[in-house]
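# Coordinate inspection notes
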Amino acid sequence: MENKKFYITTPIYYPSDKLHIGHTYCTVATDALARYHRLKGEEVMFLTGTDEHGQKIENKAKEAGVTPKEFVDRIVEGEGGVKALWELMNISNDRFIRTTDDYHVSAVQKLFRKMYDKGDIYKGTYKGKYCTPCESFWTESQLKDGCCPDCGRPVVDAEEEAYFFRLSKYADRIRDLLENTDFLQPRSRVNEMVKNFIDPGLEDLCVSRTSFTWGIPVDFDPKHVVYVWLDALTNYITALGYCNDRYDDYDKGWWPGVNIVGKEIVRFHSIIWPAMLMSLGEPLPKHVFGHGWLLLDGGKMSKSKGNVVDPYILAEKFGVDALRFFLMRTFPFGSDGNFSNELLIQTINTDLANDLGNLVSRTTAMAGKYFGGTLPEGCGTWEAPEDCDKDLTALASGLRDRYEDAMEQFAPHKALDEVFKVIQRANKYIDETAPWALAKDMDANGRRLAHVLYNLLEATRICGILLSPFMPESMEKLFAQTGAPAEGRTWDSAAQWGALPETVSVTKGENLFPRIDMEKAIAELEAAAAAAKKAALPAVEVEPQLTEKVDFDTFCKSDFRAVKVKACEAVKKSAKLLKFTLDDGTGVDRQILSGIHAWYEPEDLVGKTLIAIVNLPPRKMMGLESNGMLISAVHTEKGEECLHLIMVDDAIPAGAKLC
Ligand code: ME8
């Protein structure tokens, strides 16, 4: 086989928050594609990383009270962070780039200067609209209802000295690239780009900022930092060694590669990115593929909406491979899809537990039961194949080519659909051949039974090979049970019916994908989500202080006194109210009602010295009169309101005035 080099990338993720299932979708898809190309025997370079500069990160770091670098380090390298998530999800990236890496920083400075020296970057004044969360500049005409066309949030006016990239110069070449080549995939995205961005006229792009500092300084004019998208997009080549000495792979046949990205950043990847490469005189990516979004209740997941799904929780509960499989099997890669826990569990139960799991466990169990785990020699051939034999053999033998077609078109969901047609056919084959009936007369039917089981093992082997880019660990377990040796797990052998040696040893092992109890699992997930939400709340929150001033005389009109609790009881029919009988130093008992039963039992308060305001007008509650109010301190802890009555030293006599 020709030893081709294949370079594939995910976008580099913003480490402004923990990543969610949408990010995981993008990375798992790219990983499955990378593993598929490795399976085919190609040399693969798979790059992912983090995009760490820009105002959004600077603001977040400020909020957290740390430096931007400390902030991103925590999210990228820390527990539950980006790298840990990719390790958990069994992502096989060969490289991980951080845009704060020294080599990238100096490479961006060099290539910025190259474009400047060429006259493609020039200094001007930026006037326009800026979306801070998206770090995007927009012209008035690009806004949607006055807001950012990408995220719909308000934009702000901005005017400053800035460097510009002559994007307009490349408009015709970009139009040609989009309309007349297969650069941008799926094809449906081309029209959107041309209509929304090229037809209205490409304007030059502002590529530096002076209003914040967390970015790569322009080395010949350091009060400017490089626009975060120009910095980020170049990662795909700096990570190979372009303009730096950290790596030397750029000229070794890796570039051009394939950039897999989400649909909202297709504009950057299919217009700005190729224009930058044209300016630098470098080859364009082979393809940019814009996948759809995973939606939750029809809307995009985002931390600010509070509707993100935590991949850590799902992977722990259902297994990494089941989650990877679900993401690729369920949602057509180029379109949006609605995520739900029910759909996830349903897919695991139907495809993995029922179809694949049953095929493996029934086949291995029967090989064990009827042949002690080793089929007899000669079982691979049968003199008079029946229709069902021919059907299964033909479908499984042609599977690899159909799968390859789909994977080459960036359609992993179609590839998986083809695999599952074979799995379903194999399960039907078990029903048609009824091995348990054949086993009743081994003398007459033993050879036929062995052949049936061989066919099942073969179909399973071929499916296992082609499922391994999606579920690498589980397919290792499957091969261990079905006995396929290393040479029977290769890409070539996936197109060779009969590549499985006849006398391999088959062992029924653990159930690969146990069935999930939907109701129980959903209840547990909901409880876990609620706990995670609570854990994410600030530990202690206090109300902001009032800024409106009160004059001293008004303040002095409030009469605060120490009061002693003579008696305290719950008010009947009220869940909240306690009735206090208090000694306020006047010799006449004072009655105050207070809604604090959630925090205190009446008997615990008798004898305590508290603080009350005693000159409020009387108030009726539940038919009882309250003369004043007890003073408490309140705050919120993990979302729950906490209240503490102010209790003072018992040595303070009842009636003492607070001043
Ligand atoms: O865009 N469904 O970073 P990012 C599917 N730093 N994909 C989703 C998704 C969802 N719900 N949410 C996010 C950036 N993604 C830039 C990239 S590349 C030079 C710079 C995808 O962390 C999103 O579409 O906001 C994008 O492809 C990727 O996650 C990173 O998003």
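If you're wondering where the values come from, they're calculated on a predicted model, not measured in any experiment.

Moving on, we come to the domain arrangement of the protein chain. Entries for the protein chain in the domain assignment read domain 1 (343–495) and domain 2 (552–645). In this structure, domain 1 and domain 2 have C-alpha centres spaced 75 Å apart.

Moving on to the site of the ligand. Contacts to the ligand come from 24 residues, most closely from Ile12, Asp51, Gly262, Glu264 and Leu294. Interatomic distance of 3.0 Å between a backbone N/O atom of Tyr14 and an oxygen atom of the ligand. Within the backbone of Leu294, one N or O atom sits 2.8 Å away from a nitrogen atom of the ligand. Protein chains shield 95% of the accessible area of the ligand, which is 660 Å² for the free molecule. Every element with two or more residues in the shell around the ligand is listed here: β1 (5–13), α1 (21–39), α8 (228–233), α9 (235–238) and β11 (258–262). Its residues assigned to classes, the shell around the ligand comprises 13 nonpolar, 8 polar and 3 charged.

Taken together, the 5 strands give an open sheet; going across it, the order is β19-β18-β17-β20-β23, and neighbouring strands pair in antiparallel fashion. What marks the edges here is a single partner per strand, and that holds for β19 (590–594) and β23 (629–630). Pairing geometry for strand β17 (residues 560–570) and strand β18 (residues 578–583), over 6 bridges, is antiparallel. Residue pairing across strands places Val565 opposite Leu582, the latter belonging to β18.

To continue, consider the nonpolar core. Grouped together as the largest cluster of nonpolar side chains are 112 residues, with contacts concentrated most on Leu327 and Leu356. Sort the elements by how many residues they give to this core and helix α19 (residues 442–467) lands first, with 13 residues. If near-sequence neighbours (up to four positions away) are discounted, Leu356 is found in contact with Asp351, Phe420, Ile423, Leu467, Met471, Met475, Leu478 and Phe513. Within the second largest apolar cluster, 78 residues are counted, among which are Tyr130, Phe212, Ala239 and Trp255.

It is at 11 Å that the axes of helix α7 (residues 188–198) and helix α11 (residues 266–280) come closest, and there the two elements cross at 70°. Relative to α11, the element α7 lies roughly perpendicular. Taken as a pair, α7 and α11 cross one another with a handedness that is right-handed. Taken together, the residues of α11 that come into contact with α7 (itself represented by Arg189, Met193, Phe197 and Ile198) are Val266, Arg267, Ser270 and Ile271. When its residues are assigned to classes, the contact of α7 with α11 shows 5 nonpolar, 1 polar and 2 charged.

Criteria and cut-off values
- Residues numbered from 1 in each chain as written.
- Predicted model: local features only at pLDDT ≥ 70, side-chain atom pairs only at ≥ 80, totals over all residues.
- Heavy atoms only, no water.
- Domains from an automatic or database assignment.
- Near = heavy atom within 4 Å.
- Polar contact = N/O pair within 3.5 Å; in protein donor to acceptor, adjacent residues only side chain to side chain.
- Areas by Shrake-Rupley, 256 points an atom, 1.4 Å probe, with all protein chains shown as cover.
- Helix = DSSP H or I, 4+ residues; strand = E, 2+ residues; numbered from the N terminus.
- Nonpolar A, V, L, I, M, F, W, Y, C, P; charged D, E, K, R; others polar.
- Pairing = 2+ DSSP bridges.
- Core = buried A, V, L, I, M, F, W, Y, C linked by side-chain atoms within 4.5 Å.
- Buried < 20%, exposed > 50% of the residue type's maximum accessible area, 1.4 Å probe, protein only.
- Contact = heavy atoms within 4.5 Å.
- Axes fitted to C-alpha atoms, helices over the stretch in contact; angles between N-to-C directions.
- Parallel < 35°, antiparallel > 145°, perpendicular 65-115°, else oblique.
- Left-handed = near helix turned anticlockwise from the far one by under 90°.

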